[in-house]
Amino acid sequence: MADIYVGVTDRGWYENLRALRAPDEVNFWRPSADRFHALKPGGLFLFKLHYPENAIVGGGVFAHHSVYPLDLTWDAFHERNGVDGLDGMVKRLARYQPALRSLDMAARQKFQIGCLLIEQPFFFAEDDWFPAPGWQQNIVRGKGYSLATAEGQDLLRQVQERLSEPARLATVASPAPRYGEPVLVRPRLGQGSFRIMVTDAYRRRCAITGERVLPVLEAAHIVPYGEGGRHEISNGLLLRSDLHTLFDRGYLNVTPDLRVEVSRRLKEEWENGHEYYALDGAPVSPPERPADRPAPAALIWHRKELFAA
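A quick note: this is a predicted structure, and the numbers were derived from the prediction, not measured.

> It is not clear to me how the packing of helix 2 (residues 70-77) against helix 3 (residues 86-96) should be interpreted in this structure. Could you clarify?
Two elements in contact, helix 2 and helix 3, have axes whose closest approach is 10 Å; the angle formed by their N-to-C orientations is 130°. For the element pair helix 2 / helix 3, the angle class is oblique. With respect to the hand of their crossing, helix 2 and helix 3 are arranged in right-handed fashion. Between helix 2 and helix 3, the residues in contact are Leu70, Asp71, Thr73 and Trp74 and Leu86, Met89, Val90 and Leu93, respectively. Residue composition of the contact of helix 2 with helix 3, by class: six nonpolar, one polar and one charged.

Structure follows, in structure tokens:
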């Protein structure tokens, strides 16, 4: 597995993202649903333009790879997909997947694409673009580099030099850490990445009901972002949209031992809620990785600050 990965993209993607005001994340999407295993989360991912530029123009911290429906990808990232609209994304995809042109809109929106989620992106001013070392013309999608090689060390050095002088960057969203040793860092997730990574961590099923219809599943913050909660999987729950609303409004809670708790206020204030009271005491299905499971401290905060038993 590589320490640094250089992915190939087109100038339109780069220009659209560079024009945004300091995006905290971008989606380096691919037109195919192939899996990506070349780089570990926290590794340095760099952007290289196609011919004729053939230059590295920026990069960021790799967080996650997912295969996701086109319309939900747009909903998660909007212009941070590097296009100006869903129609524009379909047209860009059709360059590489001509079959898209023959599909109706519903089928197009469900079309699966690869999403490489990149955090803390940075974009170099054109004077600071530079060629990828050891690049061969037959490389189409990208190339990995090891820091055990001279090429990898040279690549890291050139990036570090440019990041050490923020005034030379065209756009940058807090480029720290500066990609010194080690290269792997903990990515600070943006909202779109949080949404997709929580969805994948919960195996694309509602944590309470097991619902699998993806368009009605939402990534809920346990501690709201506006209250200091972070975009981290351990601060998230994948919930059906109605349960997400009840959770955010304090009618629904998840206990530290991962059981559902339904507030009496639901009946008192709305004279209904039989369907939801049937869930009281039900177990919550957590992610498989212990680090991704709901943080007990966050669940305690939610019960204390938002939930009214």
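> Would you explain unusual backbone geometry in this entry?
If a residue is not glycine, its phi is most likely negative; likewise, a peptide bond is most likely trans. Across the junction of Tyr51 and Pro52, the peptide omega takes the value 15°, indicating a cis bond. Position of Pro52 among the secondary structure elements: in the loop between strand 3 (39-49) and strand 4 (56-69). Positive phi outside glycine occurs at Arg203, with the angle close to 60°. Inspection of the secondary structure assignment puts Arg203 in the loop between helix 6 (191-201) and strand 8 (217-221).

> Help me out: how do you make sense of the pairing of strand 2 (residues 25-30) in this one?
Successive side chains on a regular strand alternate, one facing one side of the sheet and the next facing the other. With respect to burial, strand 2 is a largely interior element, six of its six residues being buried. What you see with strand 2 is no split at all: Glu25, Asn27 and Trp29 on one side and Val26, Phe28 and Arg30 on the other are buried throughout. Bridge count for strand 2 against strand 5 (residues 112-124) is six bridges, and the pairing is antiparallel. Bridge pairing in strand 5 places Val26 opposite Ile118.

> Can you walk me through the environment of Asp87 in this structure?
Mapped onto the secondary structure, Asp87 falls in helix 3. In this structure Asp87 comes out as exposed when scored by relative accessible area, which is 52%. Along the sequence, Asp87 and Met105 sit 18 residues apart, while their C-alpha atoms lie 9.8 Å from each other.

> What's the story with the side chain of Lys48 in this structure? I'm lost.
Along the chain, Lys48 falls in strand 3. In this structure Lys48 is buried but unpaired, with Glu53 as the nearest side chain of opposite charge at 8.3 Å. Once residues lying within four places of it in the same chain are set aside, the contact partners of Lys48 are Val6, Gly7, Val8, Thr9, Asn54, Ala55, Ile56, Ala132 and Trp135.

> Would you mind showing me how to read helix 10 (residues 296-305) here?
Each α-helix turn comprises 3.6 residues. Residues three or four places apart therefore point the same way. Every buried residue belonging to helix 10 is among Ala298, Leu299 and His302, and all of these are buried. Within helix 10, the buried residues cover an arc of 100° as seen down the axis, which keeps them to one side. Helix 10 presents Ala297 and Lys304 as exposed residues on the side facing more than 90 degrees away from its buried surface. Along its buried surface, helix 10 packs onto helix 7 (241-248) and strand 10 (252-254).

> Before we go on, may I ask you to explain the nonpolar core in this structure?
One recurring pattern in soluble globular proteins is that nonpolar side chains are buried together. The biggest cluster of nonpolar side chains holds 89 residues, and the ones touching the most others in it are Phe45, Leu46, Phe47 and Ile208. Among the elements that make up this core, the one with the highest residue count is strand 5 (eight residues). In this view, Leu46 contacts Ile4, Tyr5, Val6, Gly7, Ile56, Gly58, Gly59, Phe122, Leu155 and Val159; residues no more than four positions away in its chain are not counted.

> Would you mind showing me how to read a positive patch on the surface here?
A cluster of basic residues, Arg203, Arg205, Arg212 and Arg293, forms a positive patch at the surface. Its place among the elements puts Arg293 in the loop between helix 9 (274-277) and helix 10. Under the relative-accessibility criterion, Arg293 is labelled partly exposed at 36%.

> Honestly, the packing of aromatic side chains in this entry has me stumped. Any pointers?
To describe a pair of aromatic rings, you give the distance between the ring centres and the angle between the ring planes. Inspection of the entire model under this criterion finds 14 aromatic pairs. On the numbers, 5.1 Å between centres and 85° between planes, the contact of Tyr5 with Phe36 is edge-to-face. Taken together, the positions of Tyr5 in strand 1 (residues 2-9) and Phe36 in the loop between strand 2 and strand 3 put the pair 31 residues apart, joining distant regions of the chain. Classification of Phe36 as buried rests on a relative accessible area of 8%. Measuring from ring centre to ring centre gives 5.4 Å for Phe36 and Phe62, while their planes differ by 65°; the resulting arrangement is edge-to-face. With a gap of 26 residues between them, Phe36 in the loop between strand 2 and strand 3 and Phe62 in strand 4 connect regions that are remote in the sequence. The same class applies to Phe36 as to Phe62, namely buried.

Parameters and conventions
- Residues numbered from 1 in each chain as written.
- Predicted model: local features only at pLDDT ≥ 70, side-chain atom pairs only at ≥ 80, totals over all residues.
- Heavy atoms only, no water.
- Axes fitted to C-alpha atoms, helices over the stretch in contact; angles between N-to-C directions.
- Helix = DSSP H or I, 4+ residues; strand = E, 2+ residues; numbered from the N terminus.
- Parallel < 35°, antiparallel > 145°, perpendicular 65-115°, else oblique.
- Left-handed = near helix turned anticlockwise from the far one by under 90°.
- Contact = heavy atoms within 4.5 Å.
- Nonpolar A, V, L, I, M, F, W, Y, C, P; charged D, E, K, R; others polar.
- Buried < 20%, exposed > 50% of the residue type's maximum accessible area, 1.4 Å probe, protein only.
- Pairing = 2+ DSSP bridges.
- Lys, Arg positive; Asp, Glu negative; His and termini not counted.
- Salt bridge = Lys/Arg side-chain N within 4 Å of Asp/Glu carboxyl O.
- Arc of directions from axis to C-beta.
- Core = buried A, V, L, I, M, F, W, Y, C linked by side-chain atoms within 4.5 Å.
- Patch = residues over 30% accessible without salt bridge, like charges linked within 9 Å, V, L, I, M, F, W, Y side chains within 5 Å.
- Areas by Shrake-Rupley, 256 points an atom, 1.4 Å probe, with all protein chains shown as cover.
- Charge placed at Lys NZ, Arg CZ, Asp CG, Glu CD.
- Phe/Tyr/Trp six-rings, centres within 6.5 Å; stacked < 30°, edge-to-face > 60°.

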